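Chain residues, written in single-letter form:
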Amino acid sequence: MASTKPTNMTTKRQANDIPMEIEVVNGIEGKTTQHSAKKKAKNVQGGEFRKVPVPAHRYSPLKENWMKIFTPIVEYLKLQVRFNLKSRNVEIRTSPETTDIANLQKAADFVKAFVCGFEVEDALALLRLDDLFIETFDIHDVRQQLKGDHQSRAIGRLAGKGGRTKFTIENVTKTRIVIADTRIHILGSHQNIQLARRAICNLILGSPPSKVYGHLRSIASKISQQF
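Residues numbered from 1 in each chain as written. Predicted model: local features only at pLDDT ≥ 70, side-chain atom pairs only at ≥ 80, totals over all residues. Heavy atoms only, no water.

## Quick word on the packing of aromatic side chains
Moving on, step 1. Inspection of the entire model under this criterion finds 2 aromatic pairs.
Moving on, step 2. Consider the rings of tryptophan 66 and phenylalanine 70, whose centres lie 6.3 Å apart with planes at 35 degrees: the pair is tilted. Within this pair, tryptophan 66 and its partner phenylalanine 70 are both found in helix H4 (residues 66–76), separated by 4 residues, close to a single helical turn.
Moving on, step 3. Positioned above the aromatic ring of phenylalanine 114, the side-chain terminus of arginine 58 is 4.7 Å from the ring centre.
Moving on, step 4. A cation over an aromatic ring shows up here: arginine 88 above the ring of tyrosine 59, its NZ or CZ 4.6 Å from the ring centre. (Phe/Tyr/Trp six-rings, centres within 6.5 Å; stacked < 30°, edge-to-face > 60°. Helix = DSSP H or I, 4+ residues; strand = E, 2+ residues; numbered from the N terminus. Lys NZ or Arg CZ within 6 Å of the ring centre and 35° of its normal.)

## Looking at the sheet that holds strand E6 (residues 133–138)
Moving on, step 1. Reading across from one edge, E6-E8-E7 is the order of the 3 strands in this open sheet, with antiparallel pairing throughout. Looking at the sheet topology across the chains shown, the edges are occupied by E6 and strand E7 (176–180). Averaged over all pairs of adjacent strands, the angle between their axes in this sheet comes to 15 degrees, without regard to strand direction. (Pairing = 2+ DSSP bridges. Axes fitted to C-alpha atoms, helices over the stretch in contact; angles between N-to-C directions.)

## A word on the packing of H4 against helix H5 (residues 102–116)
Moving on, step 1. The interhelical angle for the contact between H4 and H5, taken along N-to-C directions, is 170 degrees, at an axis separation of 11 Å. In terms of axis orientation, H4 runs roughly antiparallel to H5. Along the contact surface, H4 presents Lys68, Ile69, Pro72 and Ile73, while H5 presents Ala107, Phe110, Val111 and Phe114. (Parallel < 35°, antiparallel > 145°, perpendicular 65-115°, else oblique. Contact = heavy atoms within 4.5 Å.)

## A look at the sheet that holds strand E5 (residues 89–94)
Moving on, step 1. Ordered in space as E3-E5-E4, the 3 strands form an open sheet in which the pairing is antiparallel. On the outer flanks of this sheet lie strand E3 (49–53) and strand E4 (79–84), each paired with one strand and no other. Strand-to-strand twist in this sheet, taken as the mean axis angle between neighbours without regard to direction, amounts to 20 degrees.
Moving on, step 2. Pairing between E4 and E5: 6 bridges, direction antiparallel. Counted as the bridge partner of leucine 79 is threonine 94 from E5.

## Thoughts on the environment of lysine 68
Moving on, step 1. Its place among the elements puts lysine 68 in helix H4.
Moving on, step 2. Overall, lysine 68 belongs to the partly exposed group, its relative accessible area being 44%.
Moving on, step 3. When sequence neighbours within four positions are dropped, the list of residues in contact with lysine 68 reads Phe110, Val120 and Glu121. (Buried < 20%, exposed > 50% of the residue type's maximum accessible area, 1.4 Å probe, protein only.)

## A closer look at unusual backbone geometry
Moving on, step 1. Unusually for a residue other than glycine, lysine 78 sits at a positive phi of about 60 degrees.
Moving on, step 2. If you trace the backbone, lysine 78 turns up in the loop between H4 and E4.
Moving on, step 3. A relative accessible area of 38% means that lysine 78 is categorised as partly exposed.
Moving on, step 4. For lysine 174, which is not glycine, the phi torsion reads 55 degrees and is therefore positive.
Moving on, step 5. Tracing the chain through its elements places lysine 174 in the loop between helix H10 (164–173) and E7.
Moving on, step 6. Under the relative-accessibility criterion, lysine 174 is labelled exposed at 68%.

## Some points on the nonpolar core
Moving on, step 1. If you look at the biggest cluster of nonpolar residues, it comprises 32 residues, and the most contacted ones within it are Leu62, Ile69, Ile73, Val90, Ile92, Phe110 and Val111.
Moving on, step 2. At the level of elements, H4, E4, E5, H5, helix H6 (120–123) and helix H7 (125–128) are the ones that each hand at least two residues to this core.
Moving on, step 3. If near-sequence neighbours (up to four positions away) are discounted, valine 111 is found in contact with Val52, Ile69, Ile73, Val90 and Ile92.
Moving on, step 4. With 15 residues, the next largest nonpolar core counts Phe137, Ile184, Ile186 and Ile204 among its residues. (Core = buried A, V, L, I, M, F, W, Y, C linked by side-chain atoms within 4.5 Å.)

## Considering the confidence of the model for the protein
Moving on, step 1. Here the protein shows a mean pLDDT of 78. Residues at 70 or above account for 77%.
Moving on, step 2. Least confident of the elements in the protein is strand E1 (residues 22–25), whose mean pLDDT is 39; most confident is strand E8 (residues 183–188), at 94.
Moving on, step 3. Here residues 1–26 scores under 50 on pLDDT; set against residues more than four positions off or in separate chains, the count is 25 contacts.
Moving on, step 4. The model gives residues 28–46 a pLDDT under 50, and that stretch makes 27 contacts with residues more than four places away or in other chains. (pLDDT = per-residue confidence, 0-100.)

Rendered as structure tokens:
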């Protein structure tokens with residue numbers, strides 16, 4: 001009898017030392033019981049999963065706009081979402097209520113658009129429309145030898161005084177543009193992205209803004225006449 005008691009106590013301690021999983025309510029992490037952790041682990045194995053890494057400079061905007069991001073993903077797309085504090089990723093997965101598996105990729109694109117620097121209202125268009133995309137390229141993909149002041153001038157030509165050049169390209173091509181250092185992100189339909197990219201490339205290569213505006217407007221008018 002004396003030899004069996006320590007063995008039973010050891011087994012109980014080992015069972016109680018099982019690490020608890022993380023449960024998320026509205027994207028906020030907290031500890032759960034062992035029973036709910038095991039049940040939750042079974043559900044995770046059968047579902048699809050996406051991760052979107054968040055760079056350090058987007059932590060604060062993500063925190064401020066979290067409910068604007070959380071609400072459409074959960075209520076409209078019927079998915080589960082959380083921000084993992086350890087890995088610094090927004091994690092999205094399917095739930096039993098998910099009706100379409102394509103919603104998972106839509107949600108990942110929506111979060112990725114916000115992480116790239118687009119406003120939540122602009123990124124929401126990716127959930128409503130099927131023919132919208134994001135294209136990303138670097139200034140050095142257009143002109144590799146841009147360095148120092150030449151690179152700064154090229155970025156300045158893209159933005160224009162008070163952002164006027166960027167806004168003009170956005171309005172004419174019906175796109176949204178984010179200039180993040182040397183990387184440029186364009187949100188729009190495939191045809192409109194090509195128009196905006198051509199205008200941006202011409203500006204990087206040194207074309208004067210007035211010439212780029214004129215070329216853009218002539219192409220935009222031709223496209224509108226076709227429809």
